There are 2 protein chains.
Amino acid sequence: MDISVAIIEDDREIRQLMTLLIDSSPGYTCQQSFNDCESALEVIRKDPPEVVLMDIDLPGMSGIEGVRLLKQQYPEIDFIMLTIKEDDDSIFDSLCAGASGYLLKDTPPATLLESIRVVYEGGAPMSAAIARRIVSSFRTAPDNPLSAREQEILRRLCEGDNYKVIADQLCISGHTVRAHIKNIYKKLHVTSRAEAVRKAINDKLI
Amino acid sequence: MDISVAIIEDDREIRQLMTLLIDSSPGYTCQQSFNDCESALEVIRKDPPEVVLMDIDLPGMSGIEGVRLLKQQYPEIDFIMLTIKEDDDSIFDSLCAGASGYLLKDTPPATLLESIRVVYEGGAPMSAAIARRIVSSFRTAPDNPLSAREQEILRRLCEGDNYKVIADQLCISGHTVRAHIKNIYKKLHVTSRAEAVRKAINDKLI
DNA sequence: TAATCAATAGACCATATGGGGTATTTTTCG
DNA sequence: CGAAAAATACCCCATATGGTCTATTGATTA
């Protein structure tokens, strides 16, 4: 059974080349191609493809927004971004929107076809460099200035526990909890719970 | 120039097989192998390798902790986890600790060698299934129950702004800000700023 | 050994926060 | 059009929070 592919790409030439490539390759068919997300959203429901190749820079709705909306309606479809943009924002926003793969437009035809199969089989096709950027985004800040006890308490701050609850859980007085929290705030350069929680999560301090 | 590899693996047989595989392959050398992180931390400084293959289940310090400590001291080293564990926690904790690749022990020898080269050249080797899990972790919850205004206010809550500051920024009364925040708490099923901030960040509501 | 840091505990006090209401106007949508 | 949702604004009140300050004990380390 062929993998059915749709293309959303505003450059007519690229769109036709892609369509031709896919249709002429055994194991793949491309019945649908669109030059913007709006038309795709209208038409696609009649015959949803299994894989969508999506450009980012499109007239009207961006490809990222397009993925968000289409993925909402058709969660089974796998999306591969196919774009010239390789800034971090484009990459991470695409993944957040629901894309499963991210390729640059200079990807060789053979790799592109292989990537369509990979994403269809449950993988996440992307270049080595992009994979590394994604993996690196998990990297925890190595310089956590908080003591073990402070981390313990910060963890509970993030849960929304108040002084008394934390004190009871740790079998210490509320005064001590306050003292720790004040130290945490000093070390993190914040002045409120909200900021502390944000920093704790964003900098992976807990 | 050969890529120098070190192995940290407590199973003697696997360790020797790996060493043999690497040393007998042109382009790779394995001068160092350890059966726990502690000895690696002691010895490795004399001749830091370029790539480390790290098991997770080790006597004493876990491979994940080992990566954290080694990566801190030797940021240039690329770490590939080589393990039988494939639960989400092991994967994400490894990446947070500083690993750049994640392979299962049943990875074929050719793929393993290729992966060492990939990570050395700045990629992030891993199986298709694991790549997909990592990519999927970015996926935003599609059902954001908050109105635009509420998101606006939640964003500022996360900044640590208090009622008055938010009110001034949005040119509305503090009462209105409070009303919005009460609605936000209801919709998110939380009862405090800290919980709201956590939910906002974790569920990518802003 | 002296000094520093972490953990513990407490006091005082102004202000921010959250829970409970009610009410009007505008926008959105079936 | 009419209902529902969103945005606006206000009330009361108990409690949580954060700033500033002091102080003791045990561990770590320079």
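Basis of the calculations
- Residues numbered from 1 in each chain as written.
- Chains lettered and ligands numbered in written order.
- Predicted model: local features only at pLDDT ≥ 70, side-chain atom pairs only at ≥ 80, totals over all residues.
- Heavy atoms only, no water.
- Domains from an automatic or database assignment.
- Pairing = 2+ DSSP bridges.
- Helix = DSSP H or I, 4+ residues; strand = E, 2+ residues; numbered from the N terminus.
- Axes fitted to C-alpha atoms, helices over the stretch in contact; angles between N-to-C directions.
- Salt bridge = Lys/Arg side-chain N within 4 Å of Asp/Glu carboxyl O.
- Buried < 20%, exposed > 50% of the residue type's maximum accessible area, 1.4 Å probe, protein only.
- Contact = heavy atoms within 4.5 Å.
- Polar contact = N/O pair within 3.5 Å; in protein donor to acceptor, adjacent residues only side chain to side chain.
- Nonpolar A, V, L, I, M, F, W, Y, C, P; charged D, E, K, R; others polar.
- Arc of directions from axis to C-beta.
- Near = heavy atom within 4 Å.

Peer 1: Report on the domain arrangement of chain A, specifying residues and quantitative values.
Peer 2: Domain boundaries in chain A define domain 1 (3-136) and domain 2 (148-202). Taken over C-alpha atoms, the centre of domain 1 of chain A sits 44 Å from the centre of domain 2 of chain A.

Peer 1: Please give an account of the sheet that holds strand 4 (residues 78-83) of chain B that cites residues and values.
Peer 2: All names here are of chain B. Within the open sheet, the five strands sit side by side as 2-1-3-4-5. Their pairing is parallel. Both edges of this open sheet fall to strand 2 (28-34) and strand 5 (101-104), since each of them pairs with a single strand only. The average angle at which neighbouring strand axes cross in this sheet is 25 degrees, direction not considered. The pairing of strand 1 (residues 3-8) with strand 2 spans five bridges and is classified as parallel. Counterpart to serine 4 in the pairing with strand 2 is threonine 29.

Peer 1: So what about the sheet that holds strand 5 (residues 101-104) of chain A? Which residues, and what values?
Peer 2: Residue and element names in this part refer to chain A. The strand order across the open sheet built from five strands is 2-1-3-4-5, with neighbouring strands paired in parallel fashion. Across the chains shown, the open sheet's two edge strands, defined by having one partner strand only, are strand 2 (28-34) and strand 5. Across the sheet, the mean angle from the axis of one strand to that of its neighbour is 25 degrees, orientation sign disregarded. Bridge count between strand 3 (residues 51-54) and strand 4 (residues 78-83): four bridges; the pairing is parallel.

Peer 1: Account for the pattern of salt bridges, with residues named and values stated.
Peer 2: Going through the model one piece at a time under the given rule, you end up with 26 salt bridges over all chains. One salt bridge in this structure joins A:Glu9 and A:Lys105, with 2.9 Å as the shortest N-O distance. Linking A:Glu9 in the loop between strand 1 (3-8) and helix 1 (12-23) with A:Lys105 in the loop between strand 5 and helix 5 (109-120), this pair joins segments that are 96 residues apart in sequence. With relative accessibility at 3%, the residue A:Glu9 sits in the buried group. Judged by its relative accessible area of 23%, A:Lys105 falls in the partly exposed class. Here B:Arg198 and A:Glu159 are joined by a salt bridge, their closest N and O atoms 3.6 Å apart. With B:Arg198 in helix 10 (residues 193-202) and A:Glu159 in helix 7 (residues 148-159), this pair bridges two chains.

Peer 1: Requested: an account of the interface of chain B and chain A, with residues and values cited.
Peer 2: In this complex, chain B contributes 39 residues to the contact, which on the side of chain A involves 39 residues. Summed over the shared surface of chain B and chain A, the number is four salt bridges. Taken together, the links from chain B to chain A amount to 14 residue pairs in polar contact (both at pLDDT 80 or more). Counting only elements with at least two residues in the side of chain B that touches chain A, the list comes to helix 3 (63-73), helix 4 (88-97), helix 6 (128-136), helix 7 (148-159) and helix 10 of chain B. Element by element, the count of residues in the side of chain B that touches chain A is highest for helix 10 of chain B, at seven residues. By residue class, the composition of the side of chain B that touches chain A is 20 nonpolar, ten polar and nine charged.

Peer 1: Tell me about helix 3 of chain B, and name the residues and values.
Peer 2: All names here are of chain B. Within helix 3, burial applies to Gly63, Ile64, Gly66, Val67, Leu70 and Lys71. The arc that holds every buried residue of helix 3, seen down its axis, measures 150 degrees, which confines them to one face. Turning to helix 3, the residues buried within the fold contact strand 1, helix 2 (37-43), strand 3 (51-54), strand 4 and helix 4.

Peer 1: Now, about the protein's contact with DNA strand D: what can you tell me, with residues and values included?
Peer 2: Around DNA strand D there are 18 residues in total, and A:Arg178, A:Lys182, A:Arg193, B:Ser147 and B:Ser173 lie nearest to it. Restricting the count to atoms of DNA strand D within 4 Å of the protein gives a sugar and phosphate share of 63%. Contacts to DNA strand D include A:Arg193, whose backbone N or O atom sits 2.7 Å from a phosphate oxygen. Between DNA strand D and B:His180 there is a distance of 2.9 Å, counted from a phosphate oxygen to a side-chain nitrogen or oxygen. Of all the elements in the fold, those that place two or more residues in the surface near DNA strand D are helix 9 (174-188) of chain A together with helix 9 (174-188) of chain B. No other element matches helix 9 of chain B, which puts six residues into the surface near DNA strand D. Among the residues forming the surface near DNA strand D, the class breakdown is four nonpolar, eight polar and six charged.

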